Each structure stands twice: as structure tokens, then as C-alpha cells.
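What follows is each chain in one-letter form.
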Amino acid sequence: MLPQFLNTLALWQWGLLALIPPAIIALYFLKLRRQPLAVPSTYLWSRAIEDLHVNSLWQRLRQSLLLFLQLFLIGLLAFTLLRPGWKGTELLGDRFIFLIDTSASMGASDQAPSRLDEAKKQAIALIEKMDEGDSAMVISFSDVARVEQPFTTSRRELRSRVELIEQTNRPSDLSEALRAANGLANPGHTSDANDPADADIQTAEAMPADLYIFSDGGFQSVPNFKLGNLNPTYVKIAGEQQHNIAISSFSTDANPEKPGQVQAFARIENFSDTEETVEASLLLNDTLLDAQKVTLPPRSEKGLPGASGIRFEMNEIESGVLKVKIDSKDNLPLDNEAFAVVNLPRPAKVLLVTPGNDSLQLALGTEEALKIADVSVAEPKLLETKAYQDQASEGAYDLIIYDQCAPKEMPACNTLFIGRLPPEGWQAKGPKQGPPLVIDSDQVHPLAQLVQMGNVKIVEGTPLAGPPGTVTLIDADIGPIYAVGPRGGYEDAVLGFDIVAYKEDGSREVNTDWPIRRSFPVFVMNAVKYLGGVRSSLAAPSTKPGQPAVLRTQIPVNSIVVQSPRGDRFEIPREASGSYVFGRTDELGVYDVRDGAGQKVTQQFAVNLFDTRESDLAPREVLEIGHEEVQAQEAQQVARKELWRWLLIGALGVLIFEWYIYNRRVYL
Amino acid sequence: MTTQTSTPLLSPQLLAQLERLELVSRKIFRGRMKGERKSKRKGQSVEFADFRQYVAGDDLRFIDWNLFARMERLYLKLFLEEEDLHFYTLIDASPSMDFGDPTKLQFAKQLAASLGFIGLCRADRVRIESLGTSARKPGPVLRGRSSLWRMLSYLDSVEPGERVSLAEGVRNFCLRNPGKGILVLITDLMDKEGYEKAFRLLVAQQMDVYVLHILSPEELNPDIKGDLKLIDCEDDDIAEVTISRPLLEKYKRTVAAFVDGAREFCVRRGMSYLMASTDTSVETLVANYLRKRGLVR
């Protein structure tokens, strides 16, 4: 903390000031005007003076103590004129916004007891320094921002609100917090359409504010934000050394080499600068199944964590909770455990409406397909019955496949249309033409994964144009011939060509040789898995904290009850789409789901951190907000501390001391 | 600075007190006239001293006839002669003595008058002079109580401002007064040439010397401060001082060393030394201090 100076005098004024010390010295060199006093004899005095002059240097110094005091006084005053100061901790300004990061990484213990506690402490310290009449606002943020306390001048209120801020396990995202803070500082603009000259009207008076961000910087930069009247200060909250080993992913899958066996994969990352060896244990319903030692390389020079994968093999399990944990004593214990849930498989309810399609029925009748789907087949005339219409609108099916037919109204479930267009939202981009040549298929989308169309010949097809948000899955020279598009909470996949076509005369015509290609059953399985919402026993997806978990039940019930790992129960009503959206996934661990009023746990889902950004405890030095870079400040250094008052008091003290010396002739 | 005091040098109470005292000499001197003192000389008195053989021409009145009857030889009875005592008081009337309240000179005069009065009462030969007294105009020789007024008027005539150094004044005095006796030198010893030479002259005179060193309280404990130009009233010498506590302490040490040096010098040479501050009363000084020193009894 180096002192800083502000010059208060012009050069010629400094020149005048510089003349004073020589003037004082000159006055001392000039003969002192002494008061004459007649004495009987100077005999004894001369002897006393002579004796004193023996140690003359020090005596002279003592004699000129007043001179030194006066020079010192002038020096102090000149120094005062330089206005020395340093960055202190006094708050300047009158409006403050305190943004406090509550994301998972703020729970790290590298700053005892935790980063969040330190952030709260520093925020409270700043609140204590607020002057009377200053107002402040407290916002806590993780991936969502929460206004803990709107602008108030009550320090007590602010303090208690800050103390009440709780740690979350969520990832962090500054942008929402910035938007919340933005309101009063940068009020919105509006324009008056009737007055083209005055196109930009500010709706309210801008109230600039100092923005204090207490965080470790573990979030993405916010490029699309203009700070405007916000004056940001990034108070970096982190300890000196960070040590963390995290499980960054955990999943289970069937062993392709050994049928009937299951593999569990975990990826462990080392965010420390040293090589670490940890023991990873796999537990099923809290019973130890297996353990492995794994050595992790240190963090690379580019900052990437040292990572290693581990694999456990076990026999197939029907249901239960798999937990992997590492025995690392690090700063962030949250990511030392991960859960995977194996639920009882829930087959999809699929209705195939077709006038007759052997190859499709064959593909849906395979052993694999029967495992995941409960397929019923119906003639197109079923579409006219009320029973079907009721079932379709209630969401009794997960997937309805319309082959060479189309309903009058779209059902309340996902659909796959083959050779026909849905009654709403979809159009033909052109006439039926052929033969279409397949150019490309989307290998990323689950519906088209592993579907190789290179060897497939198609006689004729219709190019498709779906509603906004449609994704082309298979593209041909005539246009998209397989696409999926959204419809409310559902998705409709449309195949632009028939597989077999029944002409009006009842004759059957084969339109493509796809059914004899390997990609056809893959296509069907993809459709059933994806559109049918099939959940196999393995690979139940993990939910990140704070993200909504979309749940489905085997039989539609009005509500489900979700029990959090801590034991809190939440009743979730059914959404229009037939799914249940559970949003309070703040806790890490396994959530139990019960259908309706039933006591039996029908399914479970796991919430894991799995966030490299949160697990990486290394603090960021610079925040990028809009085009501004906000440098980290270790401690809260807010205001300039002025020294000149103390210097003036010191000068006054010197003056008094000089007066005392002069009057009492007492030398130190 | 000169305070022409109107107070009498000797108050009646002091006179009454002094009447009871007498001057004592540690030495026995020859006097000029018959007096009340024993003399080295044998002569007529009531106090027997010795016998000696008669030689022609001796006074027949002193022959011890009883001894002649026994021894059939003529012996002369010798008696101790009683003579007067020569008492000198030498006052330093240099300008430096004109300081203090009362001035040192006034104090010296009082002292001289007191001691002189004692001598007059005992029929001693009293002579008071100042250092600057010239040989042409010597101080009066006083004898007998009736001379008190002459003594006082002479003392009144002694004015400060005699520019004679201590040694020169003492030398002149010694030349003028070769006789023996008691000498009381009343001075402040403030002589830049030093007092040693003067004292040696006195020692050579073989007198019974008493040095009364008079200092004013202002000299012993100066109450001054500030930046001062000290002007010597005798030779206008200037000493520039900035009064400080160390300087004052140093000055006091210097004064103490000066007094000690003078005392030691005197004691080693058989002289009596007494330092007196002018704030001591003359009565106390004479009745107590000088009595202890053996000058009076």
C-alpha cells in the first residue's frame, strides 16, 4: 500500500515555500538579538560556558534544537501540502450494491470457515463503514440472482440480510445479478414515436451506484452488459492456496463386451498443483462394491485440471443408488461424491397406427424394442373413435406413430409421421418428387444417431417445412426429408417419404429399400427411445443443482411427491405435457419420487455438481463485464485515506513543543 | 543598581549584642600601645611570665626580693606585657560589590562596622580600609568606643566603583600596614586575575587573615532566562548566553567549585574562609558563624 500524493501548489508556490527553510537558517546565522543584562562579573559565567563548549557539536545541536524544530515544522507543512494518502477502507459515494456469490465454489474452505462467510464478513465490514444516509442493496447470486434487500439506509437491516444469505450448490452466473443491480443506476430509455426529434427519453433519473462483487470469479464473463452508471469493484474472495479433487462425471452403462454386466464410469479431476492419489469407492445403496486407487497428475500449465477416468464393473442391477466417493480432504467436499440412480425400466407406451407395414412392425417387434416399448398397433380407422380421441387427449401414450395416415387433431404426446404431414404446423416445401438423394444426416441428434443413409434408395419423397424450431435430421437434394419440430411441450418427427405405400386401389408399393438396410431398425429404436421418453435402467441422466428435473410417471397421476435428500417433501402437479417439472434441486444427492399419495418410491433421480467451473477453486483476477475489465481487489480498498489532518495535528504538536522549549529552555 | 541605603549600618540591638563580644587572634602579636591583649613583649602587667638575672640598668622595681633573700642573687621578675590588638578590615569596593539587595558592599560595610565595633569596645586598634584606598588618604586608625561615629562615617564614605584589582589593593594595603594583627578581607573574589596572588601576599604578611566571601543570592541562584548578553560591570566584558537548564546547573557547579577552591586555598595557608550570602543577617553571621570560626568570642 504505497502512499500517493496530490500536488496542491503550483511550481512558483513551491518555489516560495522552498525559500522558507533557508530564510529560517539565515535568521539563525544572523546574530541573535540578545537582551543585555549587567552582572557583577562574567567570570563564573564564562567558565560555565567554556565548560559547556567542550562537547561543542552536541551542545550546538542542542542550542539549535529550535532551528531543527522550526525546519521540521516547515517540512511537515510542505509534506501536508503534498496531500499524502493511501487507499483506505472508507466508503465513498452514497449508493452501494453488494453482490454476493453463493455458488457452490463459495463453499470452499480455503478461506476459513468458507468463502461465503468471508464474503459476508467483508460485505458487513463495508456496510459498517457506510455513512448516515447512504443506501445500499444486497443481491445474492448463483445461476439466479436474488434481491435479498432492496435499497435501504438501515445498516442493521442490511447486516441481518447479509448474515442470512445461504450457501447454494448451484453454478454461478453474474449476468442476472447485474441486471437486477442495473435497474436504478441505468434506467431504461423509451422513445416517443410522435416526436422524432426526441427519440430517446430516459424514463427515470439515473442514480449511480458503487457495485461491490464479492466472488471468486468462477463464472463466465458477461459480454452483453453495459455497466453505465455502475462503478464495479471486484472483491476477490479466495484463500492463498486451493486444493480440490472433484468427480466431474459419473455414469453407468451396459457392458457391450459382457452382456448382463454393467460398467460405471467416473471422471476425477485434480485442480491442485501437485500429483494426488485418491481412493475411489463405489457403493450400491451404501454397501461397498468396489474401490480403486487412482493417481491424478497435477494441473497443467494451461490451467487444465489433471484428470483420470476410473471404471467399475459389476453385475446388472435392477434398481438402486450407486454412489462413488473419493477420500480426498480438499477445500470443496461437495464434489467428492457423485450419485447415479438405477431405476426400474419404464417401457414407453407406443401406438402404431398403420394400414399395414410389415417392416415397421417387425422393427418394433424385436426383442430389444419390446424391452423398452409397449407397442400396440391399430388401423387408421381407429382415429375416428372416441376412445382413441379421449386417450390421445389425456396423454395415455408416450408416442403415436402415424404411418400413411394423420389424425384430425394432434394428440397430447410425441408423434412420428411417416409419409404424411401433421394437420398443423407442417407444410410440404414442394411437390412429391423423386428420387431424392440423401445428402446428409444429423449424427448428433438422438433421433438420427447412427442412422447411415448412404446406401438407402428412395423412389420419391416430399421436402418438408416445419414450424419454427424444426431441426432437419436427414437432408436430401430436394430438401429436408426427415425433421423434428416442437409443438407445445411435445415434439413431432416427420419422415417425408413412405416406406410402403398403399395405393387407392389397395395395391402395395414399396417406396424404399430402407427396411432391408441396417439403419432402419436403428431409426425405429431411436424414435421409440427419444420420442417415447424411454428410460432404461441405466444411464438415468443426472441433474445439475438448480436445474429443473423433468419427471414422467408410468401411469398419469395428478401429482407426484418429491422428497429431497434432506427429507423435505414437495408436491408437484402434472404439467400439460404430462410430465412433472421439479425445480428445487438445490441439494446434491438422491431425490425420491412417489406417485400421487402412494408410499412406494417409484423412481429416484440424482443431483450432482459435475461443474468443472465450480470445482476449479482458482480465483479469477479479472472480471470481464461488457467491455470493462474489473481487477480483483484482495482486501476492500475503497477510499483514499488522507494523511494531511494527522500531519497538521503533528505540526501543531511540533509548534507547541517548540514554544515549550523556547519558554522553558528545557532540552531533551 | 546602587542602593544608597538609609538604614544605619549598626542597629542599637546589634550594638548591644556586639558589646559582649571580643575579637580573638589565633596568633599573639606585638602591639603599639598598652592594651588589653597579651603581648609577646614582657612588660608591666599582673601576669607573671619568667625570671631572669639582673643586669645593670634594669628597673629595680622588678627585682624579686624574696628570691634574693633565699639565693643571694638578684633576679628580675618578668611579667607578660598586655598590648592592644591591630584589627584591620579590608573592604572590596569594586563595582561588582554593588549588586544585590542589600548590595554586597552594604553587607560588607555592616560586617566591617560590627567587627570594628567589637574591636573598639575592647580598645583594639581598628583600621578599616577599602581596596582602593590610596596611600595618601589612608583610612583612619580608630581606638576606643568613642571612635564609633568616626568609623561609621568613614564607612559611609566608601563608595562602590573602585577599579582596583584584588591583588593590587591587597599589595597596597600590605605596604601601608606592615604591622601584624587580624585582617578581615571582605570581598566577592570576582576578579578575573584570580584571588591567589592577593592571598599569597596576605600569607606573607603573617597576619591572622579572615576571608569573608560575600555573594548575593542572585549570584548563587540566578533567576534569569532567555537569550542574554551578560555585561560585566567592571570591564564591560560580554558573555552571550542562552540560558538553559544544563547551563544553569553548570553555572551552579562552577560557583560551588569556585567557593570550594577558595576555601581550600585559604585553609591550606592558614587563613580562615567563610562564604556568606547577603541574605544572611549580619547578627547571625557575627554571632554564629564567625564565633564558630574563632574570630570573635
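Coordinates for the structure precede this section.
Now for a quick tour of the structure. (Residues numbered from 1 in each chain as written. Chains lettered and ligands numbered in written order. Predicted model: local features only at pLDDT ≥ 70, side-chain atom pairs only at ≥ 80, totals over all residues. Heavy atoms only, no water.)

Things to note about the side chain of D216 of chain A
Residue and element names in this part refer to chain A. Put simply, the test is: Secondary structure elements follow DSSP: runs of H or I no shorter than four residues count as helices, runs of E no shorter than two count as strands, and numbering proceeds from the N terminus. Categorising residues by exposure relies on relative accessible area from a 1.4 Å probe, with only protein chains included: less than 20% of the type maximum marks a residue as buried, more than 50% marks it as exposed, and the intermediate range marks it as partly exposed. Distance and chemistry together define a polar contact, namely a pair of N or O atoms within 3.5 Å, with one atom able to donate a hydrogen and the other to accept it when in protein, and with adjacent residues in sequence counting only for side-chain atoms on both sides. Here, two residues are considered to be in contact whenever any of their heavy atoms come within 4.5 Å of each other.
Relative to the helices and strands, D216 is located in the loop between β8 (209–215) and β9 (230–236). A residue is classified by how much of its surface remains accessible, and D216, at 2% relative accessible area, is buried. Looking at D216, its side chain comes within polar contact range of the main-chain nitrogen of G218, at 3.1 Å. Once residues lying within four places of it in the same chain are set aside, the contact partners of D216 are D101, S105, M106, R115, Y234, I237, P619 and R620.

Considerations on the sheet that holds strand β30 (residues 559–563) of chain A
Backbone hydrogen bonds hold the strands of a sheet together, and the pairing may be parallel or antiparallel. Residue and element names in this part refer to chain A. The cut-off we apply is this: In this description, strands pair whenever DSSP reports at least two bridges between them. Note on geometry: axes are lines fitted to C-alpha atoms, helical ones only across the stretch in contact, with angles between N-to-C directions running from 0 to 180 degrees.
Strand order in the open sheet formed by four strands is β31-β30-β33-β34, with antiparallel pairing between adjacent strands. Unpaired on one side and paired on the other, β31 (569–573) and β34 (601–607) mark the two borders of the sheet. Taking each pair of neighbouring strands and ignoring which way they run, the sheet shows an average axis angle of 25°. Pairing of β30 with strand β33 (residues 589–595) involves four bridges; the strand directions are antiparallel. By the bridge assignment, V561 is partnered in β33 with R594.

Concerning the pairing of strand β17 (residues 348–353) of chain A
Residue and element names in this part refer to chain A. In terms of burial, β17 is largely enclosed, as five of its six residues are buried. Taken together, the six bridges between β17 and strand β18 (residues 373–378) define a ladder with parallel strand orientation. Bridging from a neighbouring strand, L351 pairs with S376 of β18. Pairing geometry for β17 and strand β19 (residues 399–403), over four bridges, is parallel. Among the inter-strand pairings, V350 is bridged to a residue of β19, identified as L399.

Considerations on the packing of helix α1 (residues 11–29) of chain A against helix α4 (residues 65–81) of chain A
Residue and element names in this part refer to chain A. The condition that has to hold: An angle below 35 degrees is read as roughly parallel, one above 145 as roughly antiparallel, one from 65 to 115 as roughly perpendicular, and any other as oblique. Residues are grouped as follows: nonpolar covers Ala, Val, Leu, Ile, Met, Phe, Trp, Tyr, Cys and Pro; charged covers Asp, Glu, Lys and Arg; every other residue, Gly included, is treated as polar.
At a closest axis distance of 10 Å, the pairing of α1 and α4 adopts a crossing angle of 175°. Between α1 and α4, the angle is such that the two are roughly antiparallel. Judged by residue contacts, W14, L17, I20, P21, I24, I25 and Y28 of α1 engage L66, L67, Q70, L71, I74, A78 and L81 from α4. Among the residues forming the contact of α1 with α4, the class breakdown is 13 nonpolar, one polar and no charged.

Thoughts on the interface of chain A and chain B
The cut-off we apply is this: Accessible area that two parts lose when put together, evaluated with a 1.4 Å probe and summed over both, is termed the buried area. The rule for a salt bridge is simple: a side-chain nitrogen of Lys or Arg has to be within 4 Å of a carboxyl oxygen of Asp or Glu.
Residue-level contacts link 27 residues of chain A with 35 residues of chain B. Of all residues in chain A, the largest losses of buried area upon contact with chain B belong to R34, P40 and W45 of chain A, amounting jointly to 24% of the total for that side. Applying the counting criterion to the chain A and chain B interface returns zero salt bridges. There are nine residue pairs in polar contact (both at pLDDT 80 or more) connecting chain A and chain B. Contributing elements (two or more residues each) for the side of chain A that touches chain B: β1 (35–39), α2 (43–52), α3 (56–63) and α13 (644–664) of chain A. The element best represented in the side of chain A that touches chain B is α2 of chain A, accounting for nine residues. In terms of residue class, the side of chain A that touches chain B is made up of 14 nonpolar, six polar and seven charged. As defined by bridge partners, β1 of chain A adjoins strand β9 (residues 227–232) of chain B across five bridges and the pair is classed as parallel. From the neighbouring strand, L37 of chain A faces β9 of chain B, where its bridge partner is L230 of chain B.

Notes on the pairing of strand β10 (residues 238–242) of chain B
All names here are of chain B. In this structure, β9 lies alongside β10, joined through five bridges in antiparallel fashion. Paired with I231 across the bridge in β10 is I238. Remark: five residues form the turn of the hairpin made by β9 and β10, two consecutive strands paired antiparallel; D236 in that turn has positive phi of roughly 55°.

Things to note about the sheet that holds strand β11 (residues 261–270) of chain A
Residue and element names in this part refer to chain A. Pairing within the open sheet is antiparallel, and its three strands lie in the order β10-β11-β14. Pairing within the sheet leaves two strands with one partner each, and these edge strands are β10 (245–254) and β14 (306–315). Averaged over all neighbouring strand pairs, the angle between strand axes comes to 15°, with direction disregarded. Bridge count between β11 and β14: 10 bridges; the pairing is antiparallel. Residue A266 lies in a different strand from β14, and its bridge partner there is I310.

Remember, this is a structural readout, not a statement about activity or role.
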